[in-house]
Amino acid sequence: MNLTGLAQFFLGIFSGLILFGISGFIAGYYVLSGMASTPARPIFPEERPQAPPPPSPSPAAQTPEPPTESAPEPSPEPPAPEPEPETLEPGAYRARVNWPDGLSLRATGAEDGERIGGIAYNQEMIVLRTSDDGRWQEVRLPGSNQRGWVKAGNADRINED
């Protein structure tokens, strides 16, 4: 092998590495620039706009109806009496849920107690008593007789003046 062949060999290797590096850079740039943009938000079937209602007939096409005798207006109903405030059991107090996800209402004061309902965030409840260990509170929902247990510390007492 002569010196010219050796130079061609190294020149070929060098130019191949340069082409490989440039193509790798271009491919990397293409992939990373695609990842830099935020993808379009998907539109789910329940979010698709409904078809517009059929057009109503134009006012000119409608024939005016002759005036008819109007029936006497009914007398306004008297306002409904305001409900009397609920009386609380001795030692009970009103509280408002402060846990953002709401609370699970359980049949017993335990993690494995059957879930019998829920209390939404910022909903009012009546705390009847606290368990002996202080981890659970027995509550009643205002306006109903539904009772259950919730984890203690997830409600703020409402000061009634």
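Just so you know, these numbers come straight off a predicted model, no measurement behind them. (Residues numbered from 1 in each chain as written. Predicted model: local features only at pLDDT ≥ 70, side-chain atom pairs only at ≥ 80, totals over all residues. Heavy atoms only, no water.)

Here's the deal with the nonpolar core
Here is step 1 of the chain: Among the nonpolar cores identified, the biggest contains 11 residues, and these are Tyr93, Ala95, Val97, Leu103, Leu105, Ile119, Met125, Val127, Val139, Leu141 and Val150.
Here is step 2 of the chain: Looking at this core, the elements that each hand over two or more residues are β1 (93–97), β2 (103–106) and β4 (124–130).
Here is step 3 of the chain: The leading source of residues in this core is β1, at three residues.
Here is step 4 of the chain: What alanine 95 contacts, discounting residues up to four positions off in sequence, is Gln123, Glu124, Met125, Val127, Ala155, Asp156, Arg157 and Ile158. (Core = buried A, V, L, I, M, F, W, Y, C linked by side-chain atoms within 4.5 Å. Buried < 20%, exposed > 50% of the residue type's maximum accessible area, 1.4 Å probe, protein only. Helix = DSSP H or I, 4+ residues; strand = E, 2+ residues; numbered from the N terminus. Contact = heavy atoms within 4.5 Å.)

Some points on the UniProt feature "transmembrane region" (unreviewed entry) in the protein chain
Here is step 1 of the chain: Feature annotation in UniProt places "transmembrane region" (unreviewed entry) on residues 6–32, given in this structure's numbering.
Here is step 2 of the chain: Between the end C-alpha atoms of residues 6–32 the distance is 39 Å, and the span holds 100% helix and 0% strand. (UniProt positions renumbered as here; feature names shortened; annotations may be inferred.)

Thoughts on the packing of aromatic side chains
Here is step 1 of the chain: Counted according to the given criterion, the structure contains one aromatic pair.
Here is step 2 of the chain: An angle of 65° between the planes, with centres 5.6 Å apart, marks the rings of phenylalanine 9 and phenylalanine 10 as edge-to-face.
Here is step 3 of the chain: Classification of phenylalanine 9 by relative accessible area gives partly exposed; the value is 47%.
Here is step 4 of the chain: Of the residues examined, phenylalanine 10 reaches a relative accessible area of 52% and is grouped as exposed. (Phe/Tyr/Trp six-rings, centres within 6.5 Å; stacked < 30°, edge-to-face > 60°.)

Here we look at the side chain of arginine 94
Here is step 1 of the chain: With respect to the helices and strands, arginine 94 occurs in strand β1.
Here is step 2 of the chain: By relative accessible area, which is 12% here, arginine 94 ends up buried.
Here is step 3 of the chain: Among the polar contacts made by the side chain of arginine 94, one reaches the side chain of glutamate 124 at a distance of 2.8 Å. (Polar contact = N/O pair within 3.5 Å; in protein donor to acceptor, adjacent residues only side chain to side chain.)

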